[in-house]
Amino acid sequence: MSKYSKEDIFRIVEEEDVEFIRLQFTDIFGMMKNVAITKSMLSKALENRCMFDGSSIEGFIRSEESDMYLYPDLDTFEIFPWRPQQGKVARLMCDVYSPDKTPFEGDPRYVLKKVIKKARDMGFVFHAGPECEFFLFHTDEEGCPTTHTHETASYFDVAPIDQAENVRRDMVLSLEEMGFMIEASHHEISPGQHEIDFQYAEGIVTADNIMTFKMAVKAIAKRHGLHATFMPKPKAGVNGSGMHINMSLTDLNGRNMFEDSRDELGLSKNAYQFIAGILHHMKGMTILTNPLVNSYKRLVPGYDAPIYIAWSAKANRSPLIRIPSSRGEGTRIELRCPDSAVNPYLALAACLAAGLDGIEKGMRPPESVDSNVFAMSQEEISRRGIEQLPETLGEAIEAFRKDEFMKDVLGEHIFTKYLEAKEAEWRMFRAHVTDWEVDEYLNKY
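Scoring rules and cut-offs
Residues numbered from 1 in each chain as written. Predicted model: local features only at pLDDT ≥ 70, side-chain atom pairs only at ≥ 80, totals over all residues. Heavy atoms only, no water. Core = buried A, V, L, I, M, F, W, Y, C linked by side-chain atoms within 4.5 Å. Buried < 20%, exposed > 50% of the residue type's maximum accessible area, 1.4 Å probe, protein only. Helix = DSSP H or I, 4+ residues; strand = E, 2+ residues; numbered from the N terminus. Contact = heavy atoms within 4.5 Å. Axes fitted to C-alpha atoms, helices over the stretch in contact; angles between N-to-C directions. Parallel < 35°, antiparallel > 145°, perpendicular 65-115°, else oblique. Left-handed = near helix turned anticlockwise from the far one by under 90°. Polar contact = N/O pair within 3.5 Å; in protein donor to acceptor, adjacent residues only side chain to side chain. Expected span 1.5 Å × (residues − 1). Disulfide = S-S within 2.5 Å. Salt bridge = Lys/Arg side-chain N within 4 Å of Asp/Glu carboxyl O. Phe/Tyr/Trp six-rings, centres within 6.5 Å; stacked < 30°, edge-to-face > 60°. Lys NZ or Arg CZ within 6 Å of the ring centre and 35° of its normal. Pairing = 2+ DSSP bridges.

> Run through the nonpolar core, naming residues and quoting values.
Residues Phe213, Met247, Leu249, Phe274 and Ile278 are the most contacted members of the largest nonpolar core, which totals 105 residues. Per-element tally for this core: the top contributor is helix 8 (residues 344-360), with 12 residues. The contact partners of phenylalanine 274, leaving out residues within four places of it in the chain, are Phe126, Met247, Leu249, Phe258, Ile333, Cys351, Leu352, Gly355, Leu356 and Ile359. Counting 24 residues, the second-largest nonpolar core is a separate cluster that includes Ala45, Cys50, Phe77 and Ile79.

In structure tokens:
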């Protein structure tokens with residue numbers, strides 16, 4: 001059942017003195033875009049008649065076929081609590097359509113919707129919950145971001161050691177005003193690093209929430225004179241920021257399809273197959289869960305991030321996938337490699353599609369790895385057939401390029417555009433001379 005009707009939105013806009021509405025959508029790299037309209041244009045927007053130039057958005061379309069239309073999702077209507085209280089600002093998340101009134105194949109939200117429909121056709125509803133980590137840094141005298149923080153707080157520390165406790169409080173309260181159910185918030189391991197977890201939801205809602213979350217966190221940090229960054233590894237020598245994704249499937253009546261009390265581990269056949277599907281397709285989709293050159297600076301030993309393609313039925317945090325201890329309706333799997341730089345629509349679509357492929361093909365996961373993989377010898381790792389994630393964006397590109405399954409999931413348009421952009425990013429990085437190289441080699445050679 002829909003949350004809002006058109007009439008509801010018109011009424012709320014009048015009652016709450018909303019003057020501006022942002023029609024938001026996401027490009028293929030996970031960057032939020034928007035077209036802002038005044039309330040006088042709301043009727044046109046709700047009739048799907050608002051148009052924008054798609055050729056101006058990287059990865060969308062060519063200039064000779066640039067007209068694109070925004071179709072608002074009425075259930076995503078929210079008022080921004082951090083904006084003025086007179087002449088308020090609201091938003092609607094939108095799907096992107098072509099002039100012939102068909103969904104645009106380059107719209108990441110459409111990609112996720114297609115995979116969710118496939119799951120529903122198989123009798124499943126996909127649920128996901130992220131654990132979003134980020135850093136808060138100072139800005140310089142011109143307001144530009146730095147990587148400096150005055151605090152020295154660590155995991156679960158409190159004020160006054162955690163100097164951003166009130167900033168995080170404002171973020172949580174603002175998100176709750178926008179309808180989020182916040183489950184927890186706390187200081188993370190590294191100085192200046194924080195985590196806010198929000199409630200599990202169906203796949204498309206979770207992807208929308210991740211985009212909204214990042215926007216809200218950045219806006220509220222700026223109000224406090226800080227810069228919030230979801231860059232995976234902004235500083236060497238400390239833990240990077242991940243975005244672990246918890247996932248489960250229910251049937252159409254809401255029963256958890258990953259739970260089976262008769263199984264030794266409490267997991268169903270569907271759960272094992274879903275895990276197997278993700279492990280099988282992981283290398284090809286790593287570029288979607290870890291999309292930046294910088295993402296692979298986080299995926300190194302010693303910093304609480306996985307590098308091995310394995311799973312654990314226990315609370316072992318060294319493999320790629322672990323099974324949290326809760327069972328029954330809380331039974332789920334946790335994928336630990338993603339970071340918050342992802343495009344959530346594409347990352348969730350890849351995870352769901354891979355898991356469904358495991359179910360369709362009856363895949364079986366390898367043996368559970370219940371000891372610390374990082375403490376194993378290379379001989380033991382090889383003997384157990386444990387492979388590694390790509391170590392660089394370049395390796396991830398090569399795995400992605402050869403993966404016909406991911407091409408089918410994303411569609412020709414996004415697959416090609418995404419690959420071209422990531423190849424260009426990797427070429428630029430390879431041509432760049434870093435400070436480390438200068439420090440290491442200039443004097444020696």
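Okay, back to it.
> Go over the packing of helix 6 (residues 269-289) against helix 10 (residues 393-401) with me, naming the residues and quoting the values.
At a minimum axis separation of 7 Å, helix 6 and helix 10 run at an interaxial angle of 125°. By the criterion of interaxial angle, the relationship of helix 6 to helix 10 is oblique. For the pair helix 6 and helix 10, the sense of crossing is left-handed. In contact with Lys283, Gly284, Ile287 and Leu288 of helix 6, helix 10 contributes Leu393, Ala396, Ile397, Ala399 and Phe400.

> Break down the side chain of histidine 244 for me, citing the residues and quoting the values.
Examined against the element boundaries, histidine 244 turns out to sit in strand 12 (residues 243-250). The exposure class assigned to histidine 244 is buried, which follows from its relative accessible area of 9%. Among the polar contacts made by the side chain of histidine 244, one reaches the side chain of glutamate 334 at a distance of 3.2 Å. Apart from residues no more than four positions distant in its own chain, histidine 244 is found in contact with Gly129, Pro130, Glu131, Arg298, Glu334, Leu335, Arg336 and Pro338.

> So, helix 5 (residues 203-223): which residues are in play, and what are the values?
Between the first and last C-alpha of helix 5 there are 31 Å, a value that for 21 residues agrees with the 30 Å anticipated at 1.5 Å per step. With 16 of its 21 residues buried, helix 5 lies for the most part within the structure. Just downstream of helix 5 lies glycine 225, where phi reads positive at about 75°.

> Let's hear about the state of the cysteines: which residues, and what values?
The final tally for this structure, using the stated rule, is 0 disulfides. With no disulfide of its own, cysteine 94 lies closest to cysteine 50 among cysteine sulfurs, the gap being 8.2 Å. Residue class for cysteine 94 comes out buried when judged on its relative accessible area of 2%. Note on cysteine 132: no disulfide assigned, nearest cysteine sulfur contributed by cysteine 351 at a separation of 14 Å.

> A description of the pattern of salt bridges should follow, citing residues and the corresponding values.
What the rule picks out here adds up to 29 salt bridges. Between arginine 255 and aspartate 251 there is a salt bridge, with the nearest N and O atoms lying 3.5 Å from each other. Assessed through its relative accessible area of 15%, aspartate 251 is described here as buried. Here aspartate 304 ties to arginine 336 by a salt bridge, and the two come within 3.7 Å at their closest N and O atoms. Taken together, the residues span a long stretch of sequence, with aspartate 304 in the loop between helix 7 (295-298) and strand 13 (308-312) and arginine 336 in the loop between strand 15 (333-335) and helix 8 at a distance of 32 residues.

> Please set out the packing of aromatic side chains residue by residue, giving values where relevant.
Here the structure, examined in full by the defined rule, presents 20 aromatic pairs. Residues tyrosine 4 and phenylalanine 77 carry aromatic rings whose centres are separated by 6.1 Å and whose planes lie at 90° to one another, so their mutual orientation is edge-to-face. Of the two residues, tyrosine 4 sits in the segment before helix 1 (6-15) while phenylalanine 77 sits in the loop between strand 4 (67-72) and strand 5 (78-79), which places them 73 residues apart along the sequence. Three or more aromatic residues joined by ring pairs form one cluster here, namely Phe134, Phe180, Phe198, Phe213 and Phe230. Above the plane of the ring of phenylalanine 230 lies lysine 214, whose end atom (NZ or CZ) is 5.9 Å from the centre.

> An account of the pairing of strand 6 (residues 88-97) is needed here, citing residue identities and associated values.
Most of strand 6 sits inside the fold, with 10 of its 10 residues counted as buried. Side chains Lys88, Ala90, Leu92, Cys94 and Val96 project from strand 6 onto one buried face, and the interleaved Val89, Arg91, Met93, Asp95 and Tyr97 project onto a second face that is buried too. As paired elements, strand 1 (residues 18-26) and strand 6 share 6 bridges and run parallel to each other. What sits directly across from valine 18, in strand 6, is lysine 88. Two elements, strand 4 and strand 6, share 4 bridges in a ladder whose sense is antiparallel. Note on strand 6: the bridge partner recorded for tyrosine 71 is aspartate 95.

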